[in-house]
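Fold and geometry: a report
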Amino acid sequence: AGSAAASVASAAPAAEVPPAAAAQEAETEELRKMKHISTWNGAITDKYYWSQSLQELTVEVEVGTCKASDVKVEISATRLTVARGTEVLLMGKLHEKVLP
């Protein structure tokens, strides 16, 4: 009787992420989440994040690196404008009138 050789296919071991790299990635993700406002009752668009409660609305606009004096925010009863220097970053009509 002859012996049959069995071939066992072995999968290449999965590349493991070093613990330090995994920790750094987790920390980066956590910081990314903490960088912006909570939008649990709002949304994220390509230009801004927003959130609201019954009493207030919060809008977060990325303005890039600049001085605070370069940023101009104008809120009227029906419109919102956010600019950095002469560049308008966000401009639009509000859904409802802003109460004083």
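Calculation rules
Residues numbered from 1 in each chain as written. Predicted model: local features only at pLDDT ≥ 70, side-chain atom pairs only at ≥ 80, totals over all residues. Heavy atoms only, no water. Helix = DSSP H or I, 4+ residues; strand = E, 2+ residues; numbered from the N terminus. Buried < 20%, exposed > 50% of the residue type's maximum accessible area, 1.4 Å probe, protein only. Contact = heavy atoms within 4.5 Å. Areas by Shrake-Rupley, 256 points an atom, 1.4 Å probe, with all protein chains shown as cover. pLDDT = per-residue confidence, 0-100. Salt bridge = Lys/Arg side-chain N within 4 Å of Asp/Glu carboxyl O. 1 Å grid on protein atoms, 1.4 Å probe; cavity = no way out; pocket = protein on both sides within 12 Å on 5 of 7 lines; lining within 4 Å. Points joined across faces, edges and corners; volume = space filled by probe spheres on them. Nonpolar A, V, L, I, M, F, W, Y, C, P; charged D, E, K, R; others polar. Pairing = 2+ DSSP bridges. Axes fitted to C-alpha atoms, helices over the stretch in contact; angles between N-to-C directions.

**Considering the overall build of the chain**
On a plain count of helices and strands, the chain comes out with one helix and six strands. Helices and strands in the chain line up, N terminus first, as α-β-β-β-β-β-β. Every one of the 100 residues in the chain was classed for burial, and the buried ones make up 13%. Pairs at least 24 apart in sequence give 13% of the contacts found in the chain among residues at least 6 apart. Counting every atom, the chain has about 8,700 Å² of accessible surface; 57% of that belongs to carbon and sulfur.

**As for the confidence of the model for the chain**
Of the residues in the chain, 73% have a pLDDT of 70 or more, and the chain-wide mean is 78. Confidence, expressed as mean pLDDT per element, reaches its minimum in the chain at helix α1 (residues 19-35) with 65 and its maximum at strand β5 (residues 79-84) with 96. Low pLDDT (under 50) marks residues 1-12, which in the prediction has zero contacts with non-local residues, meaning those over four places away or in another chain.

**Looking at the pattern of salt bridges**
Within this structure, the stated rule accounts for two salt bridges. For E74, the salt bridge identified is with K72, shortest N-O distance 3.1 Å. You can call K72 partly exposed: its relative accessible area is 49%.

**Observations regarding the layout of surface pockets**
Taken as a whole, the largest pocket encloses approximately 850 Å³ of empty space. Lining the largest pocket are 26 residues, with L57, V59, L94, H95 and V98 positioned closest to its centre. Residue assignment for the lining of the largest pocket shows that the elements contributing at least two residues are β2 (48-52), β3 (57-61), β4 (71-75), β5 and β6 (87-93). Ranked by residues supplied to the lining of the largest pocket, first place goes to β6 with four residues. Residues that form the lining of the largest pocket fall into these classes: 17 nonpolar, five polar and four charged.

**Comments concerning the sheet that holds β5**
Taking strand neighbours across the sheet as the criterion, the three strands line up as β4-β5-β6 in an open arrangement whose pairing is antiparallel. Edge positions in the open sheet fall to β4 and β6, since each of these has one partner strand only. Taken pair by pair, the neighbouring strands of this sheet meet at an average axis angle of 5°, ignoring direction. Pairing geometry for β4 and β5, over five bridges, is antiparallel. Across the sheet, V73 pairs through a bridge with V82, a residue of β5.

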